[in-house]
Amino acid sequence: WRRDCPWGCPRPALAAPASVTVSVGPRLQEKARTDLGVREVDRLADDLRTEVQRQTSRTGVLDGARIELTLVDAMPNRPTFEQMARRPGLSMSSFGIGGARIEGRAVAPDGTVTPLRFAWYETDIRYTPYRVTWSDAHTAMERFARRLARGQAVASR
């Protein structure tokens with residue numbers, strides 16, 4: 001509704017939001033199966049998809065595009081339940097630096113392909129005692145999604 005058009009002028013049609021698919025890379029699948037826990041890694045992949053959809057729909061930068069991502073690596077800050085079950089010496093008090101690596105591509109409606117690559121891992125262990133299991137991995141995913149939604153070609157690191 002606009003003041004100069006009180007009866008409701010037609011609004012411009014909006015493009016469909018970007019479609020986002022996320023898969024788990026083969027090395028991370030193996031790591032999930034043998035160490036981290038498949039359910040935990042699948043949940044991370046779903047969190048990445050949700051975050052990218054949320055950020056890109058907010059800005060509309062990639063409306064109509066197809067975003068195909070692969071979660072290549074993820075490191076937790078604290079032991080996962082699977083790790084604690086396999087190694088009795090671990091506890092939720094154990095901590096370390098974490099992060100994630102994401103690769104993929106964005107295919108624009110006109111067929112233009114933009115490669116995507118992003119990685120972020122915490123470098124200072126002083127911050128990790130205050131974090132939960134996947135804090136740094138979520139930070140990496142949020143940073144990736146924000147940069148992507150701002151229109152920055154995320155092909156760094």
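To keep things clear, this report deals only with the structure shown in the data block. (Residues numbered from 1 in each chain as written. Predicted model: local features only at pLDDT ≥ 70, side-chain atom pairs only at ≥ 80, totals over all residues. Heavy atoms only, no water.)

1. Details of the packing of helix 2 (residues 38-59) against helix 4 (residues 135-149)
Relative to each other, helix 2 and helix 4 sit at 30°, their axes nearing to 8 Å. Relative to helix 4, helix 2 is oriented roughly parallel. With respect to the hand of their crossing, helix 2 and helix 4 are arranged in right-handed fashion. Residues L44, D47, L48, E51, V52, Q55, T56 and T59 of helix 2 form the contact with helix 4, whose participating residues are A137, H138, M141, E142, F144, A145, R146, L148 and A149. Partitioned by chemical class, the residues of the contact of helix 2 with helix 4 number nine nonpolar, four polar and four charged. (Axes fitted to C-alpha atoms, helices over the stretch in contact; angles between N-to-C directions. Helix = DSSP H or I, 4+ residues; strand = E, 2+ residues; numbered from the N terminus. Parallel < 35°, antiparallel > 145°, perpendicular 65-115°, else oblique. Left-handed = near helix turned anticlockwise from the far one by under 90°. Contact = heavy atoms within 4.5 Å. Nonpolar A, V, L, I, M, F, W, Y, C, P; charged D, E, K, R; others polar.)

2. A look at the environment of S91
By the secondary structure assignment, S91 is in the loop between helix 3 (81-86) and strand 3 (99-107). For S91 and R78, which are 13 residues apart along the polypeptide, the C-alpha to C-alpha distance reads 8.3 Å. Ignoring any residue separated from it by four or fewer positions in sequence, one finds S91 in contact with P79 and M84.

3. A few points about the packing of helix 1 (residues 26-36) against helix 2
Between two packed helices, the angle of one axis relative to the other and the distance separating the axes together describe the packing. Two elements in contact, helix 1 and helix 2, have axes whose closest approach is 7 Å; the angle formed by their N-to-C orientations is 140°. Judged by the angle between their axes, helix 1 and helix 2 are oblique. Counting all contacts with helix 1, which are made through L28, A32, R33 and L36, the residues of helix 2 involved are V38, E40 and V41. Classifying every residue of the contact of helix 1 with helix 2 gives five nonpolar, no polar and two charged.

4. Details of the sheet that holds strand 3
Pairing is mixed across the open sheet formed by four strands, whose spatial order is 1-2-3-4. Edge positions in the sheet fall to strand 1 (19-24) and strand 4 (113-121), since each of these pairs with one other strand and no more. With strand direction ignored, the average angle separating the axes of adjacent strands in the sheet is 20°. Where strand 2 (residues 66-75) meets strand 3, nine bridges bridge the pair, whose relative direction is antiparallel. Looking at the pairing, L71 lines up with I102 of strand 3. Most of the contacts of helix 1 go to strand 2, to which it runs at about 45°, and overall it touches strand 1 and strand 2. Its contacts with the sheet put helix 4 on strand 2, strand 3 and strand 4, and the angle it makes with strand 4 is roughly 145°. (Pairing = 2+ DSSP bridges.)

Everything listed is a geometric property; what it means functionally is a separate question.
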